[in-house]
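Close look at the chain arrangement
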Amino acid sequence: MMKRDECLKVLARHRGNEIVVAVWKAAHEWIHISPSDLNYTFVGAMGQGASHALGLAVGRPDKRVIVLDGDGSLLMNLGCLVTIANAAPRNLVHCLCENGVYETNGSVAVPGAGRVSFTGLAREAGYAKVYEFSLLEDWDRALDRILKEDGPIFVDLKVEMGEDYPEDFRRLYSIQHREAFRRALKNA
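Report follows, based on the coordinates. (Residues numbered from 1 in each chain as written. Predicted model: local features only at pLDDT ≥ 70, side-chain atom pairs only at ≥ 80, totals over all residues. Heavy atoms only, no water.)

1. Brief notes about the overall build of the protein
The cut-off we apply is this: Labels follow the DSSP assignment, with helices taken as runs of H or I lasting at least four residues and strands as runs of E lasting at least two, numbered in each case from the N terminus. For accessible areas, the Shrake-Rupley method is used with a probe of radius 1.4 Å. Any residue's cover is judged against the shown protein chains and nothing else. Neither His nor the chain termini are counted; the positive set is Lys and Arg, and the negative set is Asp and Glu. Every charge is mapped onto a representative atom, which is NZ of Lys, CZ of Arg, CG of Asp or CD of Glu.
For the protein, the helix and strand inventory stands at nine helices and nine strands. Reported as C-alpha extents along the three principal axes, the dimensions of the protein are approximately 40 × 35 × 30 Å. Carbon and sulfur atoms form 51% of the exposed surface of the protein, whose accessible area is close to 8,700 Å². Computed over 23 positive and 25 negative side-chain charges, the separation of the two mean positions in the protein equals 6 Å.

2. Side note on the packing of aromatic side chains
Our working definition: Note on ring pairs: Phe, Tyr and Trp rings are taken, using the six-membered ring of Trp, and paired if centres are within 6.5 Å. Classes follow the plane angle, with under 30 degrees stacked, over 60 edge-to-face and the rest tilted. Only protein chains enter the accessibility calculation, which uses a 1.4 Å probe; a residue is then buried when its area is under 20% of its type maximum, exposed when over 50%, and partly exposed in between. Each ring is checked for a lysine NZ or an arginine CZ that lies within 6 Å of its centre and within 35 degrees of its normal; such an atom marks a charge sitting over the ring.
Going through the model one piece at a time under the given rule, you end up with four aromatic pairs. Note on Tyr131 and Phe133: the rings are 6.2 Å apart at their centroids and 15 degrees apart in plane angle, and the pair reads as stacked. Given a relative accessible area of 16%, Tyr131 falls into the buried group. On the basis of relative accessible area, Phe133 is assigned to the buried category, the value being 9%. Three or more aromatic residues link up through ring pairs in this structure, and these residues are Tyr131, Phe133 and Trp139. Positioned above the aromatic ring of Tyr40, the side-chain terminus of Arg178 is 5.5 Å from the ring centre.

3. Section: empty space enclosed by the protein
Which entries qualify depends on this criterion: Lining residues are defined by having an atom within 4 Å of a point belonging to a cavity or pocket. Those points lie on a 1 Å grid over the protein atoms alone, cavities being sets where a 1.4 Å probe fits but cannot get out and pockets being open sets with protein on both sides within 12 Å along at least five of seven lines. Grid points are joined across faces, edges and corners, and a volume is the space filled by probe spheres set on the points. Under the scheme applied, nonpolar residues are Ala, Val, Leu, Ile, Met, Phe, Trp, Tyr, Cys and Pro; charged residues are Asp, Glu, Lys and Arg; polar residues are all the others, including Gly.
This model, assessed by the stated rule, comprises three cavities of 30 Å³ or more. Of the volumes computed, that of the second largest cavity is approximately 80 Å³. Around the second largest cavity sit ten residues that line it, and Arg4, Lys25, Glu29, Asp164 and Tyr165 are the ones nearest its centre. Looking at which element gives the most residues to the lining of the second largest cavity, the answer is helix H2 (residues 24-33), with three residues. Looking at the lining of the second largest cavity, its residues break down into two nonpolar, two polar and six charged.

4. As for helix H3 (residues 49-59)
Worth spelling out the cut-off: Note that the arc is computed from the directions linking the helix axis to the C-beta atoms.
By the burial criterion, the buried members of H3 are Gly49, Ala50, Ala53, Leu54, Leu56 and Ala57. All buried residues of H3 fall inside an arc of 165 degrees around its axis, so they share one side. Projecting away from the buried face of H3 at angles above 90 degrees are the exposed residues Val58 and Gly59.

5. Things to note about the packing of helix H1 (residues 4-14) against H2
Where we set the bar: Lines fitted to C-alpha atoms define the axes, with helix axes restricted to the stretch in contact, and inter-axis angles between N-to-C directions lie between 0 and 180 degrees. Angle categories: roughly parallel below 35 degrees, roughly antiparallel above 145, roughly perpendicular from 65 to 115, and oblique for all the rest. The crossing is said to be left-handed when, going from far helix to near helix, the turn is anticlockwise and less than a right angle, and right-handed when the turn is clockwise. Note on definitions: a residue-residue contact is assigned when non-hydrogen atoms from the two residues lie within 4.5 Å.
With their axes 10 Å apart at the nearest point, H1 and H2 run at an angle of 45 degrees to one another. Between H1 and H2, the angle is such that the two are oblique. For the element pair H1 and H2, the recorded crossing hand is right-handed. Residue-level inspection shows Arg4, Asp5, Leu8, Lys9, Leu11 and Ala12 of H1 in contact with H2, the latter providing Lys25, Ala26, Glu29, Trp30 and Ile33. Per-class residue counts for the contact of H1 with H2 are six nonpolar, no polar and five charged.

6. What to know about the environment of Ala184
Note on placement: Ala184 falls in helix H9 (residues 175-187). With a relative accessible area of 17%, Ala184 lands in the buried category. Residues Ala184 and Asp37 lie 147 residues apart in sequence; the distance between their C-alpha atoms is 6.0 Å. Ignoring anything within four residues of it in the chain, the contact list for Ala184 reads Asp37 and Leu38.

7. Concerning the nonpolar core
As a reminder of what qualifies: Nonpolar core, defined: a set of buried Ala, Val, Leu, Ile, Met, Phe, Trp, Tyr and Cys residues in which side-chain atoms within 4.5 Å join the residues together.
Core analysis: the biggest nonpolar cluster contains 30 residues, and Leu68, Phe133, Trp139 and Val155 have the highest contact counts within it. Among the secondary structure elements, those contributing two or more residues to this core are H1, strand S2 (19-23), H2, strand S4 (65-70), strand S5 (92-98), strand S8 (129-133), helix H7 (136-146) and strand S9 (153-160). In terms of residues, this core owes the most to one element, H2, which gives five residues. Setting aside its immediate chain neighbours within four residues, Phe133 contacts Met2, Asp138, Trp139, Ala142, Ile146, Val155, Asp156, Leu157 and Lys158. Ala50, Leu54, Phe118 and Ala122 belong to the second largest nonpolar core, which has 28 residues in total.

This is the structure:
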């Protein structure tokens, strides 16, 4: 099993000018690990990260879009898997940080933790490519290739909590950062 922040650091090293949609705990970590005007981060709309990423991928087919989703969040909107597969955006990489808990709610276990196959759900929904990683070096080795493949791509990252990053809700909801994202998206 990998530490989530270590997984995100690997992604940050491989990141070019992709749009990254990060929700919940990954959002708090991502703004520290990979600051960028092309980060679209939020909390408070559990289950909506993949749907927002789909909208960005369809609206900007010329840009790679990566979503950092959580298993608890994805369980709130499993229908997004079928919707994404049906839309078939070639530029979407859906990364699931699977830790088996609703971490922001006190680490309460998600239903079916350890039994649900998220890669199986994505595969059956119709994702073009499906991957699963539990070793950091395997994730690091495969990432450049994955970021060049046609999607939609689903990546299940088996993670646990890593370093504790400060929660910065003012940054996540900052009007200045939203405007910077809009400008970066328009000019990218």
